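So you can see what is in the structure, the chains are spelled out below.
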Amino acid sequence: MTNDTMSIHRHHLEKAFKDFCTIIMKKYNLTNNEVIILIYLSENTKNTAKDIVDEFLFSKSHVSLSTDQLTRKGYIKKIPDGKATRLLVTPKGQEVVNELKKQKEQFNNMIFKDFTKEEKETLDKLYHKILNNIKKIENRRE
């Protein structure tokens, strides 16, 4: 598979998931980045803006804008913790997350329908290798 083909596949996957979640996104007035951040915060103990930047390679400004919007909407709260600020999902945000996770599970069941357990594990390992290589490139730039 060429790099161009991989980019096209990634784009189609992201678009399909966004389209799949459109009803919930409209219902709760969420952007795609806000959905990703909200799900991430609900599933991880790493919960600072830097953690989100590192995980998704989003720009700091996009993370800042998204977390400010999520805070204004009451879906997350910011808790100062020394030099860092922790981002925690509120009970109101957890309601949204619960709906999003149901959508995410349905989406994953559909796209991985014909995959064996081993194929899913292999894909996961390969994806993590790609991410590690991207992070190495990013670290060299800093």
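Look up a bit, the structure's there.
Residues numbered from 1 in each chain as written. Predicted model: local features only at pLDDT ≥ 70, side-chain atom pairs only at ≥ 80, totals over all residues. Heavy atoms only, no water.

> What's the story with the overall build of the chain in this structure? I'm lost.
When its secondary structure is counted, the chain shows 7 helices and 2 strands. Reading the secondary structure of the chain in the N-to-C direction produces α-α-α-α-α-β-β-α-α. In terms of overall dimensions, the chain has C-alpha extents of about 45 × 40 × 25 Å along its principal axes. Taking the intrachain contacts of the chain between residues at least 6 apart in sequence as the baseline, contacts between residues at least 24 apart amount to 55%. Taking the 27 positively charged and 20 negatively charged side chains of the chain as two groups, their mean positions are separated by 4 Å. (Helix = DSSP H or I, 4+ residues; strand = E, 2+ residues; numbered from the N terminus. Contact = heavy atoms within 4.5 Å. Lys, Arg positive; Asp, Glu negative; His and termini not counted. Charge placed at Lys NZ, Arg CZ, Asp CG, Glu CD.)

> It is not clear to me how the packing of aromatic side chains should be interpreted in this structure. Could you clarify?
Each aromatic ring pair is characterised by the separation of its centres together with the angle its planes make. Tallied over the full model, the rule gives 5 aromatic pairs. Here Y28 and Y75 contribute two aromatic rings whose centre-to-centre distance is 6.3 Å and whose plane-to-plane angle is 80 degrees, an arrangement assigned as edge-to-face. Note that Y28 is positioned in the loop between α2 (22–27) and α3 (32–43) and Y75 in the loop between α5 (60–72) and β1 (76–81), a separation of 47 residues in sequence. Note on accessibility: Y28 and Y75 belong to one class, buried. Centroid distance F56 to F58: 5.3 Å. Interplanar angle 20 degrees. Geometry classified as stacked. Note on F56: relative accessible area 30%, which makes it partly exposed. (Phe/Tyr/Trp six-rings, centres within 6.5 Å; stacked < 30°, edge-to-face > 60°. Buried < 20%, exposed > 50% of the residue type's maximum accessible area, 1.4 Å probe, protein only.)

> Before we go on, may I ask you to explain the environment of V53 in this structure?
Turning to its location among the elements, V53 is positioned in helix α4 (residues 49–56). When the C-alpha positions of V53 and T116 are compared, they lie 32 Å apart, and in sequence the two are 63 residues distant. Filtering out sequence-adjacent residues up to four positions away, V53 remains in contact with F58, S59, K60 and V63.

> Honestly, the environment of E95 in this entry has me stumped. Any pointers?
Looking at the element boundaries, E95 is found in helix α6 (residues 91–111). Separated by 20 residues in the primary sequence, E95 and Y75 have C-alpha atoms spaced 8.9 Å apart.

> Hey, could you run me through a negative patch on the surface in this one?
Taken together, E118, E119, E121 and D124 make up a surface patch of like negative charges. In this fold, E121 is placed in helix α7 (residues 117–141). (Patch = residues over 30% accessible without salt bridge, like charges linked within 9 Å, V, L, I, M, F, W, Y side chains within 5 Å. Areas by Shrake-Rupley, 256 points an atom, 1.4 Å probe, with all protein chains shown as cover. Salt bridge = Lys/Arg side-chain N within 4 Å of Asp/Glu carboxyl O.)

> I'm lost on the packing of α3 against α6 in this one. Help?
Angle between the axes and distance between the axes: these two values describe a pair of packed helices. As a packed pair, α3 and α6 sit with axes 10 Å apart at the nearest point and diverge in direction by 100 degrees. By the angle between their directions, the pair α3 and α6 is classed as roughly perpendicular. Residues V35, L38, I39, S42 and E43 of α3 pack against G93, Q94, V96, V97, L100, K101 and K104 of α6. Per-class residue counts for the contact of α3 with α6 are 6 nonpolar, 3 polar and 3 charged. (Axes fitted to C-alpha atoms, helices over the stretch in contact; angles between N-to-C directions. Parallel < 35°, antiparallel > 145°, perpendicular 65-115°, else oblique. Nonpolar A, V, L, I, M, F, W, Y, C, P; charged D, E, K, R; others polar.)

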